[in-house]
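Architecture at a glance
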Amino acid sequence: MALLQDFVKLITVPPGDLVYHLVTLFAIQLILGVAFGHWNRHRRDPAAIRLLVAGIGFALARTLLMLIAVLDRVGVLSSSIVLPPLERSLDLATLLLAIWAFLPILKQHPRVGATLLLLTLLITAGVYAAFTTFWPQAEAQGTIYNDYWQGTVWEFSAIAVLGLALIAGVIRRGDDWGLVTCLFALWLTGHTLQLAIPLTDSHAAGWVRLASCTATY
């Protein structure tokens, strides 16, 4: 556990945080390339379309986070103000995309799945917009996002979503249900650890980053 905690700290502080963004973005670009190739061969396959859309969403999210980290390095903006609520909201949004793309029950009911995805993404965006109005003042007072109530809300939301996805995945199994279950369980572990034993000297969700990095590979 101590070794894992040291690694978590490494990917939440400069320059390790920028390396984390670069590595995960590179890995997601490879996944996106595979997804595009699969879609190009099976353009009428709904599963291929879902995988491509999810891959694009993952890549855009990681590109934005890396861009903010770079802008912080050159002094254009303060990542401690911009990044914490944005990264948490994008983490939740990418989880929703992954659930929509891989959960068998949503594949079998595409209209319901698309509606749920759109609704939950809109709610996530609305919550993020509301949270950004409170965080700068709290950050100016020296508050750490991992100890802030917003961080707790994001983690509870992610845990609830992943818990429901795991239950639904076990009840309605697909051909790759084992891989999907392991992926969701890995993310759930990361968010649970982040809620239970967060880093108290960092704004970043270190355990979630570790889970995302592991899941990407």
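Residues numbered from 1 in each chain as written. Predicted model: local features only at pLDDT ≥ 70, side-chain atom pairs only at ≥ 80, totals over all residues. Heavy atoms only, no water.

A few words on the environment of His191. Along the chain, His191 turns up in helix H9 (residues 177-196). Put simply, His191 and Leu210 are 19 residues apart on the chain and 9.9 Å apart in space, counted from C-alpha to C-alpha. His191 has contacts with Leu95, Glu155, Ala158, Ile159, Leu162 and Val208, leaving out every residue within four places of it along the chain. (Helix = DSSP H or I, 4+ residues; strand = E, 2+ residues; numbered from the N terminus. Contact = heavy atoms within 4.5 Å.)

Per the counting criterion, the structure on display carries three salt bridges. Residue Asp91 is joined to Arg62 by a salt bridge in which the shortest nitrogen-to-oxygen separation is 3.3 Å. Note that Asp91 is positioned in helix H4 (residues 79-102) and Arg62 in helix H3 (residues 46-73), a separation of 29 residues in sequence. Since its relative accessible area comes to 7%, Arg62 is described here as buried. Between Glu87 and Arg209 there is a salt bridge; the shortest N-O distance is 2.9 Å. (Salt bridge = Lys/Arg side-chain N within 4 Å of Asp/Glu carboxyl O. Buried < 20%, exposed > 50% of the residue type's maximum accessible area, 1.4 Å probe, protein only.)

Further remarks concern the nonpolar core. In terms of nonpolar packing, the biggest core is built from 32 residues, with Phe58, Ile99, Leu103, Tyr145, Leu162, Phe184 and Trp187 touching the most fellow members. Here this core gets eight residues from one element, more than from any other, and that element is H4. Sequence-distant contacts of Ile99, that is, excluding residues within four places in its chain, are made with Leu106, Val161, Ala165 and Phe184. The next biggest cluster of nonpolar side chains, apart from the first, holds six residues, and it includes Ala61, Leu65, Leu83 and Leu86. (Core = buried A, V, L, I, M, F, W, Y, C linked by side-chain atoms within 4.5 Å.)

All right, on to the packing of aromatic side chains then. Between two aromatic rings, the relevant description is the distance of the centres plus the angle of the planes. Per the stated rule, a full pass over the model turns up nine aromatic pairs. Relative to Tyr148, the ring of Tyr145 has its centre 6.0 Å away and its plane inclined at 55°; by these criteria the two rings are tilted. Overall, the relative accessible area of 11% leaves Tyr148 in the buried class. Taken together, a centroid distance of 5.5 Å and an interplanar angle of 50° make the contact between Tyr148 and Trp149 tilted. Take Trp149: its relative accessible area is 43%, and that puts it in the partly exposed class. (Phe/Tyr/Trp six-rings, centres within 6.5 Å; stacked < 30°, edge-to-face > 60°.)

Here Ile49 shows up in helix H3. With 13 residues separating them in the primary sequence, Ile49 and Phe36 have C-alpha atoms 8.8 Å apart. If we ignore the near neighbours within four places in the chain, the residues touching Ile49 are Trp39 and Arg43.

Attention shifts here to the layout of surface pockets. Leftover empty space is mapped by rolling, across the atoms, a probe with the size of a water molecule. Of the volumes computed, that of the largest pocket is approximately 560 Å³. Those elements that provide at least two residues to the lining of the largest pocket are helix H2 (16-41), H3, H4, H9 and helix H10 (206-216). The volume enclosed by the second largest pocket comes to roughly 280 Å³. What lines the second largest pocket is a set of 14 residues, among which Leu96, Ile99, Leu106, Leu116 and Thr120 lie closest to the centre. Sorting the residues of the lining of the second largest pocket by element identifies H4, helix H5 (104-108), helix H6 (110-131) and helix H8 (149-171) as the ones contributing at least two each. The class makeup of the residues in the lining of the second largest pocket is 12 nonpolar, two polar and no charged. (1 Å grid on protein atoms, 1.4 Å probe; cavity = no way out; pocket = protein on both sides within 12 Å on 5 of 7 lines; lining within 4 Å. Points joined across faces, edges and corners; volume = space filled by probe spheres on them. Nonpolar A, V, L, I, M, F, W, Y, C, P; charged D, E, K, R; others polar.)

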